[in-house]
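The primary structure of each chain is shown beneath.
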Amino acid sequence: MTEKDVRKKVKDLKSLYSNIILYVFLNTLFILIWFIFNRGETFWPKYILLIWGIALIIQAYRRGIFPIILYHLSFLTPEWEERKVEELIGRRHVQRKIRLNRDVK
């Protein structure tokens, strides 16, 4: 990755974080407005929360932010999958050796 690519990725992250902060702030404000003025009626902020939340997820996906997020969820990374495959293959290999040793005796 070149420095230009890294700078673009950091700008994308900064933009996404700004959008998330705005999402939380404005939706909190909408919920407070609903709570103060329309408490007995339908919870209308749920539509804004849902649509805007989906838009944020799409934005993160298009900007390639998911690998960064998935890095923190180690069991969702390709490296974890490879380690797990190697671990299971190793176990099967050890079990095969044990079984062969039993058959020899």
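Coordinates for the structure precede this section.
A brief structural summary. (Residues numbered from 1 in each chain as written. Predicted model: local features only at pLDDT ≥ 70, side-chain atom pairs only at ≥ 80, totals over all residues. Heavy atoms only, no water.)

Some thoughts on helix 1 (residues 3-37)
(1) Moving on: For helix 1, which comprises 35 residues, the first-to-last C-alpha distance of 51 Å matches the rise-based estimate of 51 Å (1.5 Å per residue) to within 8%.
(2) Moving on: Residues Asp12, Leu13, Leu16, Tyr23, Asn27 and Trp34 constitute the buried set of helix 1. (Helix = DSSP H or I, 4+ residues; strand = E, 2+ residues; numbered from the N terminus. Expected span 1.5 Å × (residues − 1). Buried < 20%, exposed > 50% of the residue type's maximum accessible area, 1.4 Å probe, protein only.)

A look at the side chain of Asn27
(1) Moving on: You can see Asn27 is positioned in helix 1.
(2) Moving on: Judged by relative accessible area, Asn27 falls into the buried class, the value being 2%.
(3) Moving on: Leave out the neighbours within four places in its chain, and Asn27 touches Leu22, Ile48, Leu49 and Trp52. (Contact = heavy atoms within 4.5 Å.)

Some details on the packing of aromatic side chains
(1) Moving on: Counted according to the given criterion, the structure contains three aromatic pairs.
(2) Moving on: Seen in terms of ring centroids, Tyr23 and Trp52 are 5.4 Å apart; in terms of plane orientation they differ by 85 degrees. Their pairing is edge-to-face. With Tyr23 in helix 1 and Trp52 in helix 2 (residues 45-62), the pair connects residues that are 29 residues apart, well separated along the chain.
(3) Moving on: In this arrangement the basic side chain of Arg39 is found over the ring face of Phe35, its NZ or CZ atom lying 4.2 Å from the centre. (Phe/Tyr/Trp six-rings, centres within 6.5 Å; stacked < 30°, edge-to-face > 60°. Lys NZ or Arg CZ within 6 Å of the ring centre and 35° of its normal.)

Quick look at the packing of helix 1 against helix 2
(1) Moving on: Axis separation between helix 1 and helix 2 bottoms out at 10 Å; the angle between their running directions is 175 degrees. By the angle between their axes, helix 1 is roughly antiparallel relative to helix 2. Seen from helix 1, the contacting residues are Ser15, Leu16, Asn19, Ile20, Leu22, Tyr23, Leu26, Asn27, Phe30, Ile31 and Trp34; seen from helix 2, they are Pro45, Ile48, Leu49, Trp52, Gly53, Leu56, Gln59 and Ala60. (Axes fitted to C-alpha atoms, helices over the stretch in contact; angles between N-to-C directions. Parallel < 35°, antiparallel > 145°, perpendicular 65-115°, else oblique.)

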